[in-house]
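# Structure at a glance
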Amino acid sequence: MDSKVIIYDDVCPLCKAYTSGFVQAGWLRPENRIGFAEAPPELIRRIDVDRARHEIPLYDRATGETLYGKEALFFIIGEAIPVFKPVFRLRLFRAIVFGLYQIITYNRRIIANSRPPANGFDCAPDFNGFYRWLYIGIMGVFASLLLYRAAPVVDLSSTILALLTGIAIIRGCFIERFSMQTDYFGHLATVLFIIAMLNFSLQNFPLTVLATTCLGIWLFYRRIKGLRSQLW
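Scope of this entry: the structure provided in the associated data block. (Residues numbered from 1 in each chain as written. Predicted model: local features only at pLDDT ≥ 70, side-chain atom pairs only at ≥ 80, totals over all residues. Heavy atoms only, no water.)

## Thoughts on unusual backbone geometry
Positive phi, close to 55°, is recorded for N113, a residue that is not glycine. The topology assignment puts N113 in the loop between α6 (91–112) and α7 (129–150). Judged by relative accessible area, which is 22%, N113 ranks as partly exposed. (Helix = DSSP H or I, 4+ residues; strand = E, 2+ residues; numbered from the N terminus. Buried < 20%, exposed > 50% of the residue type's maximum accessible area, 1.4 Å probe, protein only.)

## A short note on the pattern of salt bridges
Under the criterion given, the structure shown has 12 salt bridges. When the shortest N-O distance is used, the salt bridge between R29 and E31 registers 3.9 Å. Residues joined by salt bridges that share partners form a network here, namely D2, R29 and E31. (Salt bridge = Lys/Arg side-chain N within 4 Å of Asp/Glu carboxyl O.)

## Structural notes on a nonpolar patch on the surface
A grouping of L156, I160, L163, L164, I167, L207, L210 and I217 is seen on the molecular surface, where their side chains present a nonpolar patch of about 760 Å² in accessible area. Looking at the nonpolar patch, the elements with two or more residues in it are α8 (156–173) and α10 (208–223). Counting residues per element, the nonpolar patch draws most heavily on α8, at 5 residues. Among the secondary structure elements, L210 is positioned in helix α10. Taking the relative accessible area as the measure of exposure, L210 reaches 35% and is therefore partly exposed. (Patch = residues over 30% accessible without salt bridge, like charges linked within 9 Å, V, L, I, M, F, W, Y side chains within 5 Å. Areas by Shrake-Rupley, 256 points an atom, 1.4 Å probe, with all protein chains shown as cover.)

Encoded structure:
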């Protein structure tokens, strides 16, 4: 691993977290973890930049070989914990990981609500409508289930939350540009999932639904800051 360099999306908190975890666990040297915005041009030239925007690259300075996406993650984890290597070769496991990886990578800027870097290379993924709406659907289902488990009895707070969610959904349906509409619903689905998780975790506390609804309004307002000028 001494010659391996991982290049991550340094404006994405998710990417920062798990690559930092590799360093903290001793699986990767601190100097071998480099953000795209600070990566030297000669390093960027040695990788497939278009592919690297969608699949995190692990470049080998000794051989010039680059592993991308799940293969890069499998290699790092497999070197640290060899017992997992047979599991990483299973087709079903690889297919499941590939699907999850694609959902996360195409939606990571929506999930983390991250903005392009002020300087340096921006490794934002391309827009992919299929994986965006798949993410929206998955988050919507999980949020609905969690909210039902947290508050199965309809009361004033849950009615207010349902009403505000309905208004937000109706507003989103009138957005004309498809990519902007999916960004809008992506942020809405993420906020609803956060609210649902909090409600499920704090369901024994009074006024939880009302408090999380207020939090959700604030989060959603902040998230669509870049879209507001084009929505109203």
